Amino acid sequence: MKYLFILLVSFLTSNILSQEVLTAQQIIDKTMMASGANKVANSEITFKFRDKKYSAVRKNGQFKLARLFKNKFSDTEQDQLTNDGYAKYVNGHEFPVLKEKAKSNENAINSVHYFSVLPYGLNDSAVHKKLLPSVKIKEKEYFKIEVTFSEDGGGEDFEDVFIYWIGKKDFLIDYLAYAYHTNGGGKRFRVLKEQCVKNGIRFVDYHNYQPLNTSISLIDIDKAFENNHLEKISEIVLEDIEVEILVTSEK
């Protein structure tokens, strides 16, 4: 019995030690690899979201994010965001836009492209990651990570707060939530609807929810979801996704 007890203690000790304790940064790094988001930095991605076409070219730190659509006069409008800033084109010609409208368009374009390739972007220098206690949603175990932003480099919406639920086995994001402050503010909770992989990069469609009661805290919004205290308000669906991985020259 003495030797059996020693063996049991030895086994339990080695098992505990073998369980890797991951930091928030390590979890995000694994999520980037599992979802193929590491390929986004040098890629050309196009997709349709609702009534607009979006394109994103990212290469060696340079980027061009755009959206294309027909206005009510059947003119072709293109909003474009690059390292140099925002510009609008109508029927191929640059079109002047008031500063306030330009900022609104820029935020709208950036938001759609940001969500389309998550978790890409979560290793930017302005991003701060905090590991919260793990949870179970629908019997699946998740890491829970809170993301906040520095004012310097965090963009217009640097005060927004995000939470990501990342599977402990597959390191994929199945749920995300955020609290925003524009247009009166609010909270959203997104639930995996469909997923696909294009050229090694995972893309996700979501069911989009909001709390029935505004007093529900962001950190507890997963509990509110399981208790049916959220209402579905829309679906986030990307269509006609195409991806080309760009070859970069080695120095």
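Residues numbered from 1 in each chain as written. Predicted model: local features only at pLDDT ≥ 70, side-chain atom pairs only at ≥ 80, totals over all residues. Heavy atoms only, no water.

## A short note on the packing of aromatic side chains
Logical step 1: With the rule as written, the count across this model stands at 17 aromatic pairs.
Logical step 2: Taking the centre distance of 6.5 Å and the plane angle of 55 degrees together, the rings of F49 and Y54 count as tilted. For the pair shown, F49 and Y54 are each scored as buried.
Logical step 3: Connected via pairs of aromatic rings, a cluster forms that spans Y114, F115, F149, F162, Y164, Y178 and Y180.
Logical step 4: Just above the ring of F69 sits the side chain of K52; from NZ or CZ to the centre is 5.0 Å.
Logical step 5: For the cation-ring pair, K168 lies above F143, with the distance from its terminal atom to the ring centre recorded as 5.3 Å. (Phe/Tyr/Trp six-rings, centres within 6.5 Å; stacked < 30°, edge-to-face > 60°. Buried < 20%, exposed > 50% of the residue type's maximum accessible area, 1.4 Å probe, protein only. Lys NZ or Arg CZ within 6 Å of the ring centre and 35° of its normal.)

## Details of the pattern of salt bridges
Logical step 1: Under the defined criterion, the tally for this structure stands at 12 salt bridges.
Logical step 2: K88 is the salt-bridge partner of E77, the closest N and O atoms lying 2.6 Å from each other. Here the residue E77 occupies a position in strand β4 (residues 76-82), and K88 occupies one in strand β5 (residues 85-90), the gap between them amounting to 11 residues. Taken as a pair, E77 and K88 share a single burial class, namely buried.
Logical step 3: A salt bridge links D79 to K88, with the nearest nitrogen and oxygen atoms 2.8 Å apart.
Logical step 4: By relative accessible area, D79 is classed as buried at 0%.
Logical step 5: A relative accessible area of 8% places K88 in the buried class.
Logical step 6: Bridged by salt links that share partners, the residues R67, E77, D79 and K88 form one connected network. (Salt bridge = Lys/Arg side-chain N within 4 Å of Asp/Glu carboxyl O. Helix = DSSP H or I, 4+ residues; strand = E, 2+ residues; numbered from the N terminus.)

## Here we look at the nonpolar core
Most often, soluble globular proteins keep nonpolar side chains buried together rather than apart.
Logical step 1: Counting 37 residues, the largest nonpolar core has I45, F47, Y164, I166 and F203 as the members making the most contacts within it.
Logical step 2: Looking at this core, the elements that each hand over two or more residues are α2 (24-35), β1 (43-49), α3 (99-116), β8 (140-149), β9 (161-167), β10 (173-180), β12 (201-211) and β14 (238-245).
Logical step 3: Once residues lying within four places of it in the same chain are set aside, the contact partners of F203 are I45, S116, V117, E194, Q195, C196, K198, L238, I241 and V243.
Logical step 4: In terms of nonpolar packing, the next biggest core, distinct from the first, is built from 17 residues, W165, Y175, F189 and V191 among them. (Core = buried A, V, L, I, M, F, W, Y, C linked by side-chain atoms within 4.5 Å. Contact = heavy atoms within 4.5 Å.)

## Focus on the sheet that holds strand β6 (residues 93-95)
Logical step 1: Read from one edge of the open sheet, 7 strands run β6-β5-β4-β3-β2-β1-β14, paired in antiparallel fashion. Bordering the open sheet on either side are β6 and β14, each of which pairs with just one other strand. Here the strands of the sheet are splayed against their neighbours by 20 degrees on average, with no regard to which way each runs.
Logical step 2: Two strands pair when backbone bridges link them, and β5 and β6 are joined in this way by 3 bridges, in the antiparallel orientation. Note that in β6 the partner of K88 across the bridge is F95.
Logical step 3: Across the sheet, α3 is in contact with β1, β2 (52-59), β3 (62-70), β4, β5 and β14; its angle to β3 comes to roughly 105 degrees. (Pairing = 2+ DSSP bridges. Axes fitted to C-alpha atoms, helices over the stretch in contact; angles between N-to-C directions.)

## As for unusual backbone geometry
Logical step 1: Following L118, the chain continues to P119 via a peptide bond in cis, the omega torsion being 10 degrees.
Logical step 2: Locating P119 in the fold gives a position in the loop between α3 and β7 (127-137).
Logical step 3: Despite not being glycine, N60 has its phi angle at roughly 50 degrees, a positive value.
Logical step 4: Position of N60 among the secondary structure elements: in the loop between β2 and β3.
Logical step 5: Its identity as a non-glycine residue notwithstanding, N199 has a phi of 50 degrees, on the positive side.
Logical step 6: Counting through the fold element by element, N199 comes out in the loop between β11 (186-198) and β12.

On their own, these measurements won't tell you what the molecule is for.
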